[in-house]
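# A structural walkthrough
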Amino acid sequence: MADATQPIVEFLNRFTAALGILTPVDVEETPDGPRLNFSGEEAELLARHRGEPIKALQHVVDMAFGRNLDDEKRIFVDALAYRKGKDVELRQMAKLLAAKAKDSGLDQQLGPLNPYERRIVHMAVAEIPGVTTESIGDAFSKTVHISLRK
Amino acid sequence: MTTGPSVVRAVVEVLARALTDRADEVQVVETERKGATLVELYVAPGELGRVIGKQGRTAAALRTLASTAGEKEGKIVTLEIRDGRP
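Each value, and the rule that gives it
Residues numbered from 1 in each chain as written. Chains lettered and ligands numbered in written order. Predicted model: local features only at pLDDT ≥ 70, side-chain atom pairs only at ≥ 80, totals over all residues. Heavy atoms only, no water. Core = buried A, V, L, I, M, F, W, Y, C linked by side-chain atoms within 4.5 Å. Buried < 20%, exposed > 50% of the residue type's maximum accessible area, 1.4 Å probe, protein only. Helix = DSSP H or I, 4+ residues; strand = E, 2+ residues; numbered from the N terminus. Phe/Tyr/Trp six-rings, centres within 6.5 Å; stacked < 30°, edge-to-face > 60°. Lys NZ or Arg CZ within 6 Å of the ring centre and 35° of its normal. Expected span 1.5 Å × (residues − 1). Contact = heavy atoms within 4.5 Å. Polar contact = N/O pair within 3.5 Å; in protein donor to acceptor, adjacent residues only side chain to side chain. Buried area = accessible area lost by both parts, 1.4 Å probe. Salt bridge = Lys/Arg side-chain N within 4 Å of Asp/Glu carboxyl O. Nonpolar A, V, L, I, M, F, W, Y, C, P; charged D, E, K, R; others polar. Pairing = 2+ DSSP bridges. Axes fitted to C-alpha atoms, helices over the stretch in contact; angles between N-to-C directions.

Nonpolar side chains in soluble globular proteins generally cluster together in the buried interior. In this structure, Phe11(A), Leu12(A), Phe38(A), Leu57(A) and Leu41(B) are the most contacted members of the largest nonpolar core, which totals 49 residues. At the level of elements, helix H1 (5-19), strand E2 (33-38), helix H2 (44-65) and strand E3 (76-79) of chain A together with helix H1 (7-19), strand E2 (36-43), helix H3 (57-73) and strand E3 (76-83) of chain B are the ones that each hand at least two residues to this core. Leu113(A), Ile120(A), Ile128(A) and Ile146(A) belong to the second-largest nonpolar core, a separate cluster that totals 17 residues.

Residue and element names in this part refer to chain A. Taken as a whole, this structure holds 2 aromatic pairs over all chains when the rule is applied. Summarising the aromatic geometry, the rings of Phe-11 and Phe-65 are spaced 5.6 Å apart at their centres and angled 50° between planes, so their arrangement reads as tilted. Of this pair, Phe-11 sits in helix H1 while Phe-65 sits in helix H2, and the two are 54 residues apart along the sequence. Under the relative-accessibility criterion, Phe-65 is labelled buried at 11%. With a centroid separation of 6.0 Å and 35° between ring planes, the pair formed by Phe-76 and Tyr-116 is classed as tilted. Here Tyr-116 lies in helix H4 (residues 115-126) and Phe-76 lies in strand E3, a separation of 40 residues in the sequence. The ring of Phe-76 has Arg-35 lying over it, and the distance from NZ or CZ to the ring centre is 4.1 Å. Of note, Arg-83 hangs over the ring of Tyr-116, and the distance from its end group to the ring centre comes to 5.1 Å.

Turning our attention to H4(A). Residue and element names in this part refer to chain A. End to end, H4 covers 16 Å across 12 residues, agreeing with the expected 16 Å (1.5 Å per residue, within 8%). Looking at the buried positions of H4, the neighbouring elements they touch are E3, helix H3 (82-104), strand E4 (108-113), strand E5 (131-136) and strand E6 (142-148). At the N-terminal end of H4, a side-chain oxygen is found 3.1 Å from the backbone nitrogen of Tyr-116, two or three residues along, and the residue is Asn-114.

The terminal C-alpha atoms of H1(A) lie 21 Å apart, and with 15 residues this matches the ideal 21 Å at 1.5 Å per residue to within 8%. Looking at H1(A), one finds that the buried residues are Thr5(A), Ile8(A), Val9(A), Phe11(A), Leu12(A), Phe15(A), Thr16(A), Ala18(A) and Leu19(A). Those residues of H1(A) that are buried are in contact with strand E1 (25-30), E2, H2 and E3 of chain A together with H1 and H3 of chain B.

Across the boundary between the two partners, chain B contributes 19 residues, which contact 21 residues of chain A. Overall, the association of chain B and chain A removes approximately 1700 Å² of surface from exposure, summing both partners, and the carbon and sulfur fraction of that is 73%. Run the count over chain B and chain A and you get 2 salt bridges. The partner of Arg48(A) in a salt bridge is Glu71(B), with the nearest N and O atoms 2.6 Å apart. Counting across the interface, chain B meets chain A through 5 residue pairs in polar contact (both at pLDDT 80 or more). Mapped onto the side of chain B that touches chain A, the elements with two or more residues apiece are H1 and H3 of chain B. The element that contributes the greatest number of residues to the side of chain B that touches chain A is H3(B), accounting for 10 residues. Split into classes, the residues belonging to the side of chain B that touches chain A amount to 11 nonpolar, 3 polar and 5 charged.

All names here are of chain B. Pairing within the open sheet is mixed, and its 3 strands lie in the order E1-E2-E3. Of all the strands in the sheet, the pair left with one neighbour each is strand E1 (27-33) and E3. Adjacent strand axes in the sheet meet at a mean angle of 20° when their direction is disregarded. With 7 bridges connecting them, E1 and E2 associate as antiparallel partners.

The subject of this paragraph is the sheet that holds E2(A). Residue and element names in this part refer to chain A. With mixed pairing, 3 strands are arranged side by side in an open sheet as E1-E2-E3. Every other strand in the sheet has two partners, leaving E1 and E3 as the edge strands with one partner each. Along the sheet, successive strands turn relative to each other by an average axial angle of 20°, direction set aside. Of the pairings in the sheet, the one linking E1 to E2 comprises 6 bridges and is antiparallel in character.

The following block contains the structure:
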């Protein structure tokens, strides 16, 4: 485990202890940064309400520990791989809409999405030649437009 | 009043301590009223920004997680954030 990860895992363990749920943290070090996943049945509490609790915990972890990390890296907090599954779904949806934009010539929209989700869409569509993405809006959540590259 | 250590209080304390640089000055007070639970989080003056965050995003995250803790105990939770001491 990388040195920077240890305090985060300790924090997550203090959090679940306070919450009174028994959920081991699985740690995976990736080139993009540590991926921390709560496993065990009781982690379901954090995946309720469309994963709002686990997203909130991600934000707290970013605020509390993000500045100790290298610029390129990000901490990823998950429960029962709920967010990982959502990310896979979003990537598939982005590619599907990109193909649709290419075939029909019509703009496709996805969202509103938060910055993390938009990044996934931009990166997925970038793999497909001939289409381009743009974020529209000025709020925290924006809609991503997928259109033919002119 | 509450009996024994409260889950909501413990959770808010752990989160707030991680967010501020002056963890020892974090205090959480919990009061019951008419079936609702009021949780007051006190942080050191000047550390308020850390727990509120840009656009109040950190405060929103704390409220979400306080509600999650409340869900476990069957409580409806309101979180207020203040600076100084109770």
